[in-house]
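If you want the building blocks of each chain, they are given just below.
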Amino acid sequence: MSELKNDRFLRALLREPVDRTPIWMMRQAGRYLPEYKATRAQAGDFMSLCKNHELACEVTIQPLERFPLDAAILFSDQLLYSQSADRQRLFQYEQLF
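So, here's what we can say about the structure. (Residues numbered from 1 in each chain as written. Predicted model: local features only at pLDDT ≥ 70, side-chain atom pairs only at ≥ 80, totals over all residues. Heavy atoms only, no water.)

Side note on the pattern of salt bridges
The final tally for this structure, using the stated rule, is five salt bridges. Asp-70 is the salt-bridge partner of Arg-8, the closest N and O atoms lying 2.5 Å from each other. Placement of the pair is Arg-8 in helix 1 (residues 8–13) and Asp-70 in the loop between helix 4 (53–66) and strand 2 (71–72), with a sequence separation of 62 residues. With relative accessibility at 9%, the residue Asp-70 sits in the buried group. Salt-bridge contacts for Arg-66 lead to Glu-35; the nearest nitrogen and oxygen are separated by 2.9 Å. With Arg-66 in helix 4 and Glu-35 in helix 2 (residues 34–43), the pair connects residues that are 31 residues apart, well separated along the chain. One network of salt bridges, in which partners are shared, links Arg-8, Asp-19, Arg-20 and Asp-70. (Salt bridge = Lys/Arg side-chain N within 4 Å of Asp/Glu carboxyl O. Helix = DSSP H or I, 4+ residues; strand = E, 2+ residues; numbered from the N terminus. Buried < 20%, exposed > 50% of the residue type's maximum accessible area, 1.4 Å probe, protein only.)

Some details on helix 4
Between its first and last C-alpha, helix 4 extends 21 Å over 14 residues, near the 20 Å set by a 1.5 Å rise per residue. Remark: the principal bend of helix 4, roughly 30°, maps to Thr-60, with a proline, Pro-63, within the next four residues. Taken together, the buried positions of helix 4 are Leu-55, Ala-56, Val-59, Thr-60, Gln-62 and Pro-63. By the N-cap criterion, in which a side-chain oxygen at the helix start approaches the backbone nitrogen of a residue two or three places on, helix 4 is capped by Asn-52, the distance to Glu-54 being 3.1 Å. (Expected span 1.5 Å × (residues − 1). Bend = angle between axes of the 7 residues up to and from the residue. Polar contact = N/O pair within 3.5 Å; in protein donor to acceptor, adjacent residues only side chain to side chain.)

Given below as structure tokens:
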């Protein structure tokens, strides 16, 4: 495993001293980025983007490549949990976006 270049976020989680308060971007905040929109178009639809490991990782790190952030939240969606539990979707997800 490679050495961490920025462990500010992890040290803050452990309540260790840090030089400044770390910042991070939740995945929803990156949806306006043109590179996110291009990646989503490549996936075909939102749920396919969530289920494709490579594309999900790509959209997770896109904001980190654009802004001086300390961490990112892994890209996923809460509907994946209901699908894995074999539950019927109660609404058409694509209509939301």
